[in-house]
Number of protein chains: 2
Amino acid sequence: MSHAASPADVQVTTLAVLALGELTTFERCATDAQFAPSMKDKVGLAGLAGHALDHYDGFAARIEVLGGDVVGLMQSIEPSYTTFQERTRPRDWYESLMKSYVLDGIMRDFHRAALVNLDESSREVATAALDDTRQADFLRIRLTEAKAEEAELSSRLALWGRRLVGEALTLGRGVILGFGLAADDETLSAILQSVTTHHSQRMSALGLVS
Amino acid sequence: MSHAASPADVQVTTLAVLALGELTTFERCATDAQFAPSMKDKVGLAGLAGHALDHYDGFAARIEVLGGDVVGLMQSIEPSYTTFQERTRPRDWYESLMKSYVLDGIMRDFHRAALVNLDESSREVATAALDDTRQADFLRIRLTEAKAEEAELSSRLALWGRRLVGEALTLGRGVILGFGLAADDETLSAILQSVTTHHSQRMSALGLVS
């Protein structure tokens, strides 16, 4: 691991990674709301953006209690995401929904694996965010509906899903290594394996092969 | 007035106008968060987007209690805003912040004038939203800061403010007439006059002449 970080540092950094994750989810859902094809979709996605923001607020409050600077921490983490964002620009609204579905699922897996870095109060905040399935449910239902209306979409989303999982695993691995968030290489391998398995299950839930 | 609307219709339509206003505020703040030049701005604007969404939720819940269909109502109102949005596309991030500052101030004036259309419970929901000055405070402080850093910005924002108020008055007048939301022409004139006065005060608070 490249940084020799103290447990207290690992804890606030982990919380900041989770906070930044929620903030990017907020941004993506809000953008998808803006370009939504119907008012119903717009309202649904705006609601999801609001939930992500609520989770963000929980993490930010916890970081403040622990004496961390959430803005500064997120600033130091954000550059890790730049390459990922550049390589995974959705070409349309459905690809953007799919990106949320795939990526937020994967982020949750990574974040769940990082719970070991947190004290009990921080873990409660994180678990509440991780157990919120409203976004995944909304996106699964909406993408299934879209696939039923447009036969061509399935193969395109399956391809897109494979691209996303590859890039997301690279991203997650980079963040864990870059900030010293996993105890050792064996732990990291186990995390990557578990993320891949859960990703396949999420793709199956959409009727797609990963 | 073009529609002969019942008081009950006027009430849910008024609530839907307020709800749609909050939803567009949410969208603009979220977009401004996405393109924010710093993490601090991003977090601040995301917070404002969240407040707008909370207000939206209040209006949507109230419309539901009254038996209205918030999505359907907003769908019928949205086309009134299309021309306005097309004519007031900000050219950069500061013009977008200024649009929020000017437009949301004007919308609040219009919405306050529409409180007479609401029953007591609806009025409480609306007043809570209208009395929330967090967005105006944030934008006034941020725009004042930007003006201090970039001298050229003042004249550009003053010009932009004049353009925005003209378009916003046309928009507000159109929505009031289109949906029969003011009792008579005299009431409408008084509303437009009061909006103009408050707009001048808001521009002065920024150190700009309206």
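See the structure shown above.
Here we summarise the structure given alongside this text. Given the structure is predicted, the values throughout are model-derived calculations rather than measurements.

A look at the overall build of chain A
Okay, so step 1: Along its length, chain A carries nine helices and zero strands.
Okay, so step 2: Written out in order from the N terminus, the α and β elements of chain A read α-α-α-α-α-α-α-α-α.
Okay, so step 3: By the compact-globule yardstick of 17 Å for 210 residues, chain A fits well, its C-alpha radius of gyration being 17 Å.
Okay, so step 4: Principal axes of the C-alpha set define a box for chain A whose edges measure 50 × 35 × 30 Å.
Okay, so step 5: The burial tally for chain A puts 53% of its 210 residues in the buried class.
Okay, so step 6: Once local pairs closer than 6 in sequence are excluded, the contacts in chain A between residues at least 24 apart make up 80%.

Section: the packing of helix 8 (residues 153–178) of chain A against helix 9 (residues 185–205) of chain A
Helix-helix packing: each pair is described by the crossing angle between the helix axes and the interaxial distance.
Residues and elements named next belong to chain A.
Okay, so step 1: Contact geometry of helix 8 with helix 9 gives a least axis separation of 11 Å together with a crossing angle of 160°. On the basis of their axis angle, the class for helix 8 and helix 9 is roughly antiparallel. Every pair of crossing elements has a handedness; the one defined by helix 8 and helix 9 is right-handed. Mapping the contact onto sequence places L157, A158, G161, V165, L169, R173, I176 and L177 in helix 8 and L188, I191, L192, V195, T196, H199 and M203 in helix 9.

Quick notes on the relation of the copies chain B and chain A
Okay, so step 1: Once chain B has been moved 0.0 Å along the axis and rotated by 180°, it coincides with chain A to within an RMSD of 0.0 Å. As the rotation angle and translation indicate, the two copies are arranged about a two-fold axis.
Okay, so step 2: Of the residues that chain B buries at the interface, 100% are likewise interface residues in chain A, meaning the two copies contact each other through the same surface.

The rules behind these values
- One numbering rule holds for all chains: residues counted from 1, following each sequence as written.
- Chain labels run from A onward and ligand labels from 1 onward, assigned in the order the entries are written.
- For a predicted model such as this one, the threshold for reporting local features is a pLDDT of at least 70, and the threshold for listing and counting side-chain atom pairs is 80 or more; totals across whole chains, interfaces and linings nevertheless cover every residue.
- Water and hydrogen atoms were dropped before computing side-chain values, which therefore reflect all heavy atoms in the structure.
- Numbering of helices and strands runs from the N terminus; a helix is a DSSP stretch of H or I covering at least four residues, while a strand is a stretch of E covering at least two.
- Based on C-alpha atoms, the radius of gyration is set beside the globule rule, defined as 2.2 Å times the residue count to the power 0.38.
- Here the term buried applies to any residue with accessible area under 20% of the maximum for its type, exposed to any over 50%, and partly exposed to those in between, with areas from a 1.4 Å probe on protein chains only.
- Note on contacts: a residue pair is in contact if any heavy atoms of the two residues lie within 4.5 Å.
- Helix axes are fitted only over the stretch in contact, all axes being lines through C-alpha atoms; the angle between N-to-C directions runs from 0 to 180 degrees.
- Any angle that is under 35 degrees is reported as roughly parallel, and any over 145 degrees as roughly antiparallel; angles of 65 to 115 degrees are reported as roughly perpendicular and all others as oblique.
- Crossings are assigned a handedness: left-handed for a near helix turned anticlockwise from the far helix by less than a right angle, right-handed for a clockwise turn.
- To superpose the copies, least squares is applied to the C-alpha atoms of every residue with a pLDDT of at least 70 in both.

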